[in-house]
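# What the coordinates show
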Amino acid sequence: MIDLHSHTTASDGQHAPEELLAMAASAGVTVLAVTDHDTVAGLAAAKAAAARHGVELVAGIELSAFVLGKEAHILGHFLRPEDPGISRFADALRTERAQRMEQMVEKMRKLGFPVRMEEVYALAEDAHLGRPHLARVLVEKGWCVDTKEAFDRFLGNGRPAWVDRYRLDGADAIQLIRTAGGTATLAHPGTSKMNRAEIATLAKAGLAGLEVLHADHNPSVREKYLALAREFALVVTAGSDFHGEKVAPGRHLGTASMPPELFEKLRARASA
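Quick notes on the rules
- Residues numbered from 1 in each chain as written.
- Predicted model: local features only at pLDDT ≥ 70, side-chain atom pairs only at ≥ 80, totals over all residues.
- Heavy atoms only, no water.
- Pairing = 2+ DSSP bridges.
- Helix = DSSP H or I, 4+ residues; strand = E, 2+ residues; numbered from the N terminus.
- Contact = heavy atoms within 4.5 Å.
- Axes fitted to C-alpha atoms, helices over the stretch in contact; angles between N-to-C directions.
- UniProt positions renumbered as here; feature names shortened; annotations may be inferred.
- Parallel < 35°, antiparallel > 145°, perpendicular 65-115°, else oblique.
- Left-handed = near helix turned anticlockwise from the far one by under 90°.
- Nonpolar A, V, L, I, M, F, W, Y, C, P; charged D, E, K, R; others polar.
- Buried < 20%, exposed > 50% of the residue type's maximum accessible area, 1.4 Å probe, protein only.
- Phe/Tyr/Trp six-rings, centres within 6.5 Å; stacked < 30°, edge-to-face > 60°.
- Lys NZ or Arg CZ within 6 Å of the ring centre and 35° of its normal.

## Some points on the sheet that holds strand β3 (residues 56-67)
- Overall, mixed pairing links the seven strands, which are arranged β1-β2-β3-β4-β5-β6-β7 in an open sheet. Each of the sheet's edge strands pairs with one partner strand only, and the pair in question is β1 (2-3) and β7 (235-239).
- Pairing between β1 and strand β2 (residues 31-34): two bridges, direction parallel. In the sheet register, Asp-3 faces β2, and the bridge partner there is Leu-32.
- Its contacts with the sheet put helix α10 (residues 260-271) on β1, β2, β3, β4 (70-77), β5 (183-186) and β7, and the angle it makes with β7 is roughly 110°.

## Observations concerning the UniProt feature "domain: Polymerase/histidinol phosphatase N-terminal" (unreviewed entry) in the protein
- With numbering matched to this structure, UniProt assigns "domain: Polymerase/histidinol phosphatase N-terminal" (unreviewed entry) to residues 2-67.
- Annotated as 32% helix and 27% strand, the span residues 2-67 places its first and last C-alpha atoms 28 Å apart.

## Some points on the packing of helix α3 (residues 84-110) against helix α4 (residues 117-124)
- Closest axis-to-axis distance for the α3/α4 pair is 10 Å, and the angle between their directions is 130°. Taken together, α3 and α4 sit at an angle that is classed as oblique. Crossing geometry of α3 relative to α4 is assigned as right-handed. Taking contact as the criterion, the partners of Ala-98, Met-101, Glu-102 and Val-105 in α3 are, on α4, Met-117, Val-120 and Tyr-121.
- Grouping the amino acids of the contact of α3 with α4 by side-chain chemistry returns six nonpolar, no polar and one charged.

## Looking at the environment of Met-117
- With respect to the secondary-structure elements, Met-117 resides in helix α4.
- Taking relative accessible area as the criterion, Met-117 reaches 14% and is therefore assigned buried.
- For the pair Met-117 and Met-101, spaced 16 residues apart in sequence, the C-alpha to C-alpha distance is 8.0 Å.
- Once residues within four sequence positions are removed from consideration, Met-117 is found in contact with Ala-98, Met-101, Glu-102, Val-105 and Leu-129.

## Quick notes on the packing of aromatic side chains
- Per the counting criterion, the structure on display carries three aromatic pairs.
- Arranged with centres 5.0 Å apart and planes meeting at 65°, the rings of Phe-113 and Phe-154 form a pair that is edge-to-face. Residue Phe-113 is located in the loop between α3 and α4, and its partner Phe-154 is located in helix α6 (residues 147-155); the two are separated by 41 residues in the primary sequence. Of the two residues, Phe-113 and Phe-154, both sit in the buried class.
- Over the aromatic face of Phe-66 sits the side chain of Arg-167, whose NZ or CZ is 4.0 Å from the ring centroid.

Encoded structure:
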């Protein structure tokens, strides 16, 4: 099984890289991409664990960007983690994410929920801070039944505790990934409700793949984006978008897989 979308505790995943790779091997995953949000901090540990468990690791990242005013998540695969451009960007986003979290925590306090930054940091440990960390704190304190409710009530876009993020242009995200030797793939286009014009814009900027086979895409959504992938000559990719049961319930490693020939086609685009 080839799964090109997963997360560790380096961003908002539940499991450390070592644990994630052990779980992947147990699930029968033979190729796994670790694609943490805006950071490559977990890749060194993931690489060592992958070698121990006989899993091929694809070095990746997931960048939050915008195209035609809409948020889009761009996956990078086969990139060089040591690339200075990626490193500088990740450092800058770490600071921005911490400042954003402080604003969201303050909004929650004004809403009558006395969250403290120390509680978020205690849960996140050394990870890049993200909304799922705050959502998990709200669940642990009994104010929400699960992370979905936390997003629906407080943290989702436009909700009472939401704070806008740094707006990286989609074309710039693609260029950042390509400069680091990687390929750029649009993640979960169905979940993000990406339309033809937005995909066309990203394809023109150098997009290589489209995550048609995502865990949250039903058959009709897959058919829709399969047609768009063919129209714009994008490689069809697959990803479970695994974060762990506490973060994203119901997603499991290997539940979305792609044929080896498509994986090699994507790899070839990185080499090109």
